[in-house]
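# Structure at a glance
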Amino acid sequence: MVSSHAGLVLLVFCSTCSFALIKVSESESEKEKTVIHEKEEEEKQASLPKAQSLPASADDSSRDGSKKLPEYLIVPVSRDHKGDLKPERGARKIPSWLQKVLLGMPPTLSSDEGATNKSKLVEVRCHMDKIYVRIRKEVLKSQDAYKYLTLGSCPVNHADKDYYYLLQSLKTDCGFKVQSLPDYLSIRIFLHYKPAGPVLREMPFDIPLQCKYYRLFYSYKVSFHPKLQGGTVYRVLKPNSSFTISPLDASGNKIFGQKMYNLGDPMHFEASGNDRTNYEEKRMYITKCFVTASQDPYSHPRYTVINNQGCMIDSKTSVQSKFLIGGSKMVQKFSVGAFVFQQRAPTTSEQQFYLHCEINVGPSTPTPSLKACNYDRAIGKWKELYGKDCVCKCCESTCLSAELEEAPNNIISSYSWKVDFKAGHCQ
């Protein structure tokens with residue numbers, strides 16, 4: 001038997017408004033009211049308008065309706081409004097220029113910026129460090145046309161049956177005119193054709209060429225995911241070394257500023273560590289030292305004074321070049337006789353130098369791989385500064401490198417000094 005108090009639910013749907021009209025009897029249970037209320041909420045959500053993507057033109061969209069974006073767009077500096085993207089509180093409307101950026105719409109260019117040369121008689125290709133120019137042979141009637149064709153002042157350097165080629169580095173002295181503009185770096189040059197002879201059968205011409213290297217781009221390239229590497233620590237290219245090399249005066253005091261030596265004077269140096277407490281029972285070793293006229297340790301000319309894992313090889317040439325005993329084995333003092341490079345001597349009365357050394361830390365007892373050996377010219381033998389002289393025997397041949405407990409230090413460079421080699425001489 002059906003209860004007389006059964007609720008009557010009437011659902012009337014409106015097709016135009018998408019809403020539900022619900023009538024529930026007063027005697028309906030609370031549970032039934034809850035179920036009906038949930039249905040009402042679901043139908044209200046269904047009636048809300050669906051989110052729509054930004055409209056795209058038929059030409060710029062694919063068949064599935066997705067937006068096709070360019071790989072990048074060139075952006076003039078005057079149209080780059082990055083200040084509008086500064087973080088602020090609250091919500092803001094997307095600026096119209098940013099909407100165009102998101103849709104891949106290129107900024108308006110002037111007629112000069114957007115102009116293209118459709119002629120294939122002369123073609124130019126600009127690279128980061130080169131320019132490639134080719135011109136069709138049919139433009140020029142003379143078989144010797146290549147003799148009179150130049151890119152600035154540089155001649156034709158290649159040819160085939162159809163083209164003359166002028167391939168040049170932008171660093172060559174062809175006559176490139178470089179101009180830095182707000183939007184791009186401009187490099188200009190002329191393609192000249194100047195036939196010689198008492199008569200002309202072809203008219204000479206000068207064609208201006210230009211390469212533009214734009215500064216700003218909007219990139220739309222996808223699928224670029226930077227990969228973070230973990231677990232490995234890489235040493236920086238130019239580390240802050242814990243060792244220094246300092247020039248000293250004759251009394252052993254450090255010299256600050258540039259020092260001037262006379263040719264033949266002893267030049268004193270000291271290699272030391274900034275933190276000596278970490279190297280108890282250790283000793284500093286200078287395995288190699290050389291002098292250059294440039295701050296670049298890989299430059300030439302260079303002169304080696306210490307080599308072969310700690311042999312003062314310049315001590316065989318100059319009595320002033322030698323390792324010196326110091327107050328600590330973690331401080332290595334040495335001297336070198338002042339000299340100049342012969343090939344530069346005629347050009348100036350003084351020369352500037354830099355000292356570059358490789359410094360290692362090892363056990364306090366020297367080995368053939370870690371030592372400080374001077375050549376004693378009086379007895380014609382090598383002698384170690386603190387230990388046994390037998391470790392210096394390999395100084396006349398090749399000393400093997402050591403297997404260090406820690407990575408060796410990179411090249412350490414000193415401050416510069418100058419040598420005056422005409423002081424005291426008659427001019």
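The protein appears in an unreviewed UniProt entry as ZP domain-containing protein from Ilyodon furcidens.

Ranked by size, the top nonpolar core spans 32 residues in total, and within it I286, F334, L355, I359 and W417 carry the most contacts. The set of elements that each furnish at least two residues to this core consists of β14 (243-248), β16 (266-273), β17 (282-292), β18 (302-306), β20 (331-337), β21 (350-363) and β25 (417-420). Of the residues forming this core, the biggest block, 5 residues, is contributed by β21. One finds V156, I187, L191 and C211 within the second-largest nonpolar core, a separate group that totals 22 residues.

Turning next to the sheet that holds strand β4 (residues 122-126). With respect to topology, 4 strands assemble into an open sheet ordered β4-β5-β9-β8, the strand pairing being antiparallel. Looking at which strands have only one partner, the edges of the open sheet turn out to be β4 and β8 (158-159). In the sheet, β4 pairs with strand β5 (residues 130-136) via 5 bridges, with the strands oriented antiparallel. Its bridge partner lying in β5, V124 is registered against V133.

Our focus in this paragraph is the environment of S242. Relative to the helices and strands, S242 resides in the loop between β13 (217-219) and β14. S242 sits 30 residues away from S272 along the chain, and the two C-alpha atoms are 8.6 Å apart.

Turning next to the state of the cysteines. For the structure on display, the rule yields 6 disulfides. With a sulfur-sulfur separation of 2.0 Å, C373 is cross-linked through a disulfide to C392. Taking the sign of the S-S torsion, about -80° here, the bridge from C373 to C392 comes out left-handed. In this pair, C373 sits in strand β22 (residues 373-376) while C392 sits in the loop between β23 (381-384) and β24 (412-413), placing the two residues 19 residues apart along the sequence. We classify C373 as buried; its relative accessible area is 0%. The partner cysteine of C394 in its disulfide is C399, sulfur to sulfur 2.0 Å. Looking along the S-S bond of the C394-C399 disulfide, the torsion reads about 100°, which is the right-handed sense. The same class applies to C394 and to C399, which are both buried. Each bonded cysteine of the protein is numbered by sequence order, and under that numbering the disulfide pairs are 1-4, 2-3, 5-7, 6-11, 8-9, 10-12. For C390, which is in no disulfide, the shortest distance to another cysteine sulfur is to C392 and amounts to 8.1 Å.

Per-residue confidence for the protein averages 76 on the pLDDT scale, and 70% of its residues sit at or above 70. Throughout residues 1-36 the model reports pLDDT below 50, and contacts reaching past four residues in sequence, or to other chains, amount to 26 contacts. Taken as a whole, residues 234-239 scores under 50 in pLDDT and shows 6 contacts with residues more than four places along the chain or in a different chain.

What counts, and where the lines are drawn
- Residues numbered from 1 in each chain as written.
- Predicted model: local features only at pLDDT ≥ 70, side-chain atom pairs only at ≥ 80, totals over all residues.
- Heavy atoms only, no water.
- Core = buried A, V, L, I, M, F, W, Y, C linked by side-chain atoms within 4.5 Å.
- Buried < 20%, exposed > 50% of the residue type's maximum accessible area, 1.4 Å probe, protein only.
- Helix = DSSP H or I, 4+ residues; strand = E, 2+ residues; numbered from the N terminus.
- Pairing = 2+ DSSP bridges.
- Disulfide = S-S within 2.5 Å.
- pLDDT = per-residue confidence, 0-100.
- Contact = heavy atoms within 4.5 Å.

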